[in-house]
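Survey of secondary and tertiary structure
These are the residues of each chain, in order.
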Amino acid sequence: TWSLRNRTNCPNCPVPREWGGHWKYALFVHTFNTLLPPDKYFVEHPEYFMLNEKGERVPQQLCTTNPDVISIVTENTLAALAENPDANIICVSKNDGGGTCVCPNCKAIDDAEGTNMGALLHLVNKVAEAVESVNPKIQVTTLAYLETVKPPKTMRPRNNVIIRLC
């Protein structure tokens, strides 16, 4: 009743269908480590992870423009949706704690868009395109969080992308 009264959609407080229902998440917030686990990939593929300001690859966040990252994240997003057939939303979002990749590709997008949301939205839009081809009713969400709060200059989210302020 609290969720209904306050118009929230908390994954841990599902509203029964007879009361109007709720959105069911396949994955909920800070999902980079779930979609591309550092313990599985970092040693052999540090290029999948962010390049920091010191020029070091660190597993804090993903390199969101790396084509292999896009492929793996897409594959694992689709797998999570297949494992949760009742879900109608999935989150593809950066890990908690901040940080963003400054590799030449990510930096070029972010510089052109005037925000670190540019490179993140690049990844999210690619994943959302694949999700839409499998099930156009599924929504893909990401977070406007820390460095990614400012909206991009020209890049826009796909119709099945929801950006939530965190």
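1. What about the packing of helix H5 (residues 104-113) against helix H6 (residues 117-134)?
- The geometry of H5 relative to H6 is characterised by a closest axis approach of 7 Å and an angle of 115° between their N-to-C directions. When the axis of H5 is compared with that of H6, the two are roughly perpendicular. Seen from H5, the contacting residues are Cys106, Ile109, Asp110 and Glu113; seen from H6, they are Met117, Gly118, Ala119 and His122.

2. Some details on the side chain of Asn160
- Position of Asn160 among the secondary structure elements: in the loop between strand S4 (139-144) and strand S5 (161-165).
- A polar side-chain atom of Asn160 sits 2.9 Å from the main-chain carbonyl oxygen of Ala128.
- With sequence-adjacent residues up to four places away left out, Asn160 is seen in contact with Ala128, Glu132, Ile138, Gln139 and Val140.

3. Quick word on the environment of Thr31
- The residue Thr31 is located in the loop between helix H1 (2-6) and helix H2 (32-35) in this model.
- Considered as a pair, Thr31 and Ile90 are 59 residues apart in the sequence and their alpha carbons are 9.4 Å apart.
- Beyond its immediate sequence surroundings of up to four residues, Thr31 is in contact with Cys91, Val92, Ser93, Lys94 and Asn95.
- A distance of 2.8 Å separates a polar side-chain atom of Thr31 from the backbone oxygen of Cys91.

4. Considerations on the packing of helix H4 (residues 67-83) against H6
- Taken N-terminus to C-terminus, the directions of H4 and H6 make an angle of 45°; their axes are 10 Å apart at the nearest point. One finds that H4 runs oblique with respect to H6. Considering only the axes of H4 and H6, their crossing is right-handed. Two secondary-structure elements touch here, H4 through Ile70, Val73, Thr74, Thr77, Leu78 and Leu81 and H6 through His122, Leu123, Lys126, Val127, Ala130, Val131 and Val134.
- For the contact of H4 with H6, the residue count by class is 9 nonpolar, 3 polar and 1 charged.

5. Quick notes on the pattern of salt bridges
- Here the structure, examined in full by the defined rule, presents 3 salt bridges.
- Between Glu147 and Lys94 there is a salt bridge, with its nearest N and O atoms 2.7 Å apart. Note that Glu147 is positioned in the loop between S4 and S5 and Lys94 in the loop between strand S3 (89-91) and H5, a separation of 53 residues in sequence.
- Overall, Lys94 belongs to the buried group, its relative accessible area being 3%.
- Here Glu132 ties to Arg158 by a salt bridge, and the two come within 2.2 Å at their closest N and O atoms. Taken together, the residues span a long stretch of sequence, with Glu132 in helix H6 and Arg158 in the loop between S4 and S5 at a distance of 26 residues.
- Owing to a relative accessible area of 30%, Glu132 belongs among the partly exposed residues under this scheme.

Parameters and conventions
Residues numbered from 1 in each chain as written. Predicted model: local features only at pLDDT ≥ 70, side-chain atom pairs only at ≥ 80, totals over all residues. Heavy atoms only, no water. Axes fitted to C-alpha atoms, helices over the stretch in contact; angles between N-to-C directions. Helix = DSSP H or I, 4+ residues; strand = E, 2+ residues; numbered from the N terminus. Parallel < 35°, antiparallel > 145°, perpendicular 65-115°, else oblique. Contact = heavy atoms within 4.5 Å. Polar contact = N/O pair within 3.5 Å; in protein donor to acceptor, adjacent residues only side chain to side chain. Left-handed = near helix turned anticlockwise from the far one by under 90°. Nonpolar A, V, L, I, M, F, W, Y, C, P; charged D, E, K, R; others polar. Salt bridge = Lys/Arg side-chain N within 4 Å of Asp/Glu carboxyl O. Buried < 20%, exposed > 50% of the residue type's maximum accessible area, 1.4 Å probe, protein only.

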